[in-house]
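The chain contents come next:
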Amino acid sequence: MKRMSEEEYVNNGGNLCPVCESDTTQTGEKAFETVVLFWEMDCFNCGANWDERYELVGYHINEPIKEEEEESPPPAFHIGMRFSQEGGDEEYLLAQVEKNKVALVGLNQGNRFNDPVEVCMPHHITPDEWERITSDDEFTLIE
Ligand SMILES: [Zn+2]
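The notes below deal with the structure included here. (Residues numbered from 1 in each chain as written. Predicted model: local features only at pLDDT ≥ 70, side-chain atom pairs only at ≥ 80, totals over all residues.)

Quick word on the nonpolar core
And then number 1: With twelve residues, the main nonpolar core is built from Phe77, Phe83, Tyr92, Leu94, Val102, Ala103, Leu104, Val117, Val119, Ile125, Ile133 and Phe139.
And then number 2: Elements with a contribution of two residues or more to this core: β5 (91–98) and β6 (101–106).
And then number 3: If you tally residues by element for this core, the top one is β6, at three residues.
And then number 4: In this structure Phe83 touches Tyr92, Leu94, Leu104, Phe139, Thr140, Leu141 and Ile142, once residues within four positions along its chain are discounted. (Core = buried A, V, L, I, M, F, W, Y, C linked by C-beta atoms within 7 Å. Buried ≥ 20, exposed ≤ 12 C-beta atoms within 10 Å, placed from the backbone. Helix = DSSP H or I, 4+ residues; strand = E, 2+ residues; numbered from the N terminus. Contact = placed C-beta atoms within 7 Å.)

Below, the structure written as structure tokens:
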């Protein structure tokens, strides 16, 4: 019997013994060699042993890529900004009162809204720091 050509082997979908054309074959070890996969095959009928070769031919994307939602960063407050408190008429200045410590200071009464809070960068208050500075009260930036 004439052995199958590689093309015939592929056209048969593989797995048929290329020597005796039996389908009583078994797949064995897989081995990658860069972009080629060798899959060892055995024929139970005639005892032939061969490798199926699989080559990387490209790729196909199945699902649309999810666009990452752009999250606008919360506005960064900094010292020098003025705020009003919900329901109050006092204006507060976000002021540096010690090195790296800021507090909201009332512009009319001069009282501090809260104890000074240590911050990393007085020119860029993080949301966490702002929460502590305001005791989580509602302050509105005066433009
Ligand atoms: Zn065979």
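Here the narrative resumes, following the displayed structure.
Considerations on the sheet that holds strand β3 (residues 49–55)
And then number 1: Taken together, the three strands give an open sheet; going across it, the order is β1-β2-β3, and neighbouring strands pair in antiparallel fashion. This sheet does not close on itself; its edge strands, each paired only once, are β1 (25–33) and β3. Each neighbouring strand pair of the sheet contributes to a mean axis angle of 25°, computed without reference to strand direction.
And then number 2: Where strand β2 (residues 36–43) and β3 come together, seven bridges link them in antiparallel fashion. Paired with Asp42 across the bridge in β3 is Asn49. (Pairing = 2+ DSSP bridges. Axes fitted to C-alpha atoms, helices over the stretch in contact; angles between N-to-C directions.)

Thoughts on the environment of Lys101
And then number 1: Take Lys101: it is sitting in strand β6.
And then number 2: C-alpha of Lys101 to C-alpha of Leu141: the two residues are 40 residues apart in sequence and 20 Å apart in space.
And then number 3: Sequence-distant contacts of Lys101, defined by excluding residues within four places in its chain, comprise Gln96, Pro116, Val117 and Glu118.

Concerning the sheet that holds strand β7 (residues 117–118)
And then number 1: If you walk across this open sheet you meet the five strands as β7-β6-β5-β4-β8, and the pairing is antiparallel. Whereas interior strands pair on both sides, the edge strands pair on one side only; in this sheet they are β7 and β8 (139–141).
And then number 2: Relative to β8, strand β4 (residues 82–85) runs antiparallel, the two being bridged by three bridges. When the sheet's bridge partners are listed, Ser84 is paired in β8 with Thr140.

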